[in-house]
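# Fold and geometry: a report
Here is how the chains run, residue by residue.
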Amino acid sequence: MPVFFANDLSGLIRTGRPRDWLVSMVSPLARALGLTRRPFWAIGVGGNALNRALRAGWIQYRLLALRPSVRNGLP
């Protein structure tokens, strides 16, 4: 399917909230203590990794709108 339009939405995500900074401080400790086997801590550590990747520009949130291709005159 051809892309109709694509927009980068990464700039709309706030990555410097107080909760984010708290999680970034606690995540290494949680990982060192093996708490990442628990869903609560695993989500926090994963969220911290996502936040760091967004701030570094390694990943982006993108909105893609697709439209179907036309083959043999059929929609």
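Described in the following lines is the structure provided in the data block. (Residues numbered from 1 in each chain as written. Predicted model: local features only at pLDDT ≥ 70, side-chain atom pairs only at ≥ 80, totals over all residues. Heavy atoms only, no water.)

This brings us to the overall build of the protein. When you go through the protein residue by residue, the secondary structure sums to 2 helices and 2 strands. When the helices and strands of the protein are listed from N to C terminus, the series reads β-α-α-β. Accessible area for the protein stands at about 6,200 Å²; split by element, carbon and sulfur atoms hold 63% of it. (Helix = DSSP H or I, 4+ residues; strand = E, 2+ residues; numbered from the N terminus. Areas by Shrake-Rupley, 256 points an atom, 1.4 Å probe, with all protein chains shown as cover.)

Let's shift gears to the side chain of serine 10. On the secondary structure map, serine 10 appears in the loop between strand E1 (3–8) and helix H1 (18–32). Residues in contact with serine 10, not counting those within four places in the same chain, are Leu54, Ile59, Gln60 and Tyr61. (Contact = heavy atoms within 4.5 Å.)

This part covers the layout of surface pockets. Roughly 440 Å³ of volume is contained in the largest pocket. Around the largest pocket sit 23 residues that line it, and Val23, Ile43, Gly44, Gly47 and Asn48 are the ones nearest its centre. Mapped onto the lining of the largest pocket, the elements with two or more residues apiece are H1 and helix H2 (39–56). A breakdown of the residues in the lining of the largest pocket according to their chemical character gives 12 nonpolar, 7 polar and 4 charged. (1 Å grid on protein atoms, 1.4 Å probe; cavity = no way out; pocket = protein on both sides within 12 Å on 5 of 7 lines; lining within 4 Å. Points joined across faces, edges and corners; volume = space filled by probe spheres on them. Nonpolar A, V, L, I, M, F, W, Y, C, P; charged D, E, K, R; others polar.)

Counted under the stated rule, the structure contains 2 salt bridges. For the salt bridge of aspartate 20 with arginine 17, the shortest nitrogen-to-oxygen distance reads 3.3 Å. Residue classification places arginine 17 among the partly exposed residues on the basis of a relative accessible area of 31%. Among the salt bridges present, the one from aspartate 20 reaches arginine 19, with a minimum N-O distance of 3.7 Å. Since its relative accessible area comes to 52%, arginine 19 is described here as exposed. The structure contains a network of salt bridges with shared partners spanning Arg17, Arg19 and Asp20. (Salt bridge = Lys/Arg side-chain N within 4 Å of Asp/Glu carboxyl O. Buried < 20%, exposed > 50% of the residue type's maximum accessible area, 1.4 Å probe, protein only.)

The next point concerns H2. Its 18 residues place the ends of H2 26 Å apart at the C-alpha level, agreeing with the 26 Å of an ideal helix rising 1.5 Å per residue. The set of residues buried in H2 consists of Val45, Asn48, Asn51, Ala53 and Leu54. Where the residues of H2 are buried, they touch H1. One or two residues past the end of H2 sits glycine 57, with phi positive at roughly 85°. (Expected span 1.5 Å × (residues − 1).)

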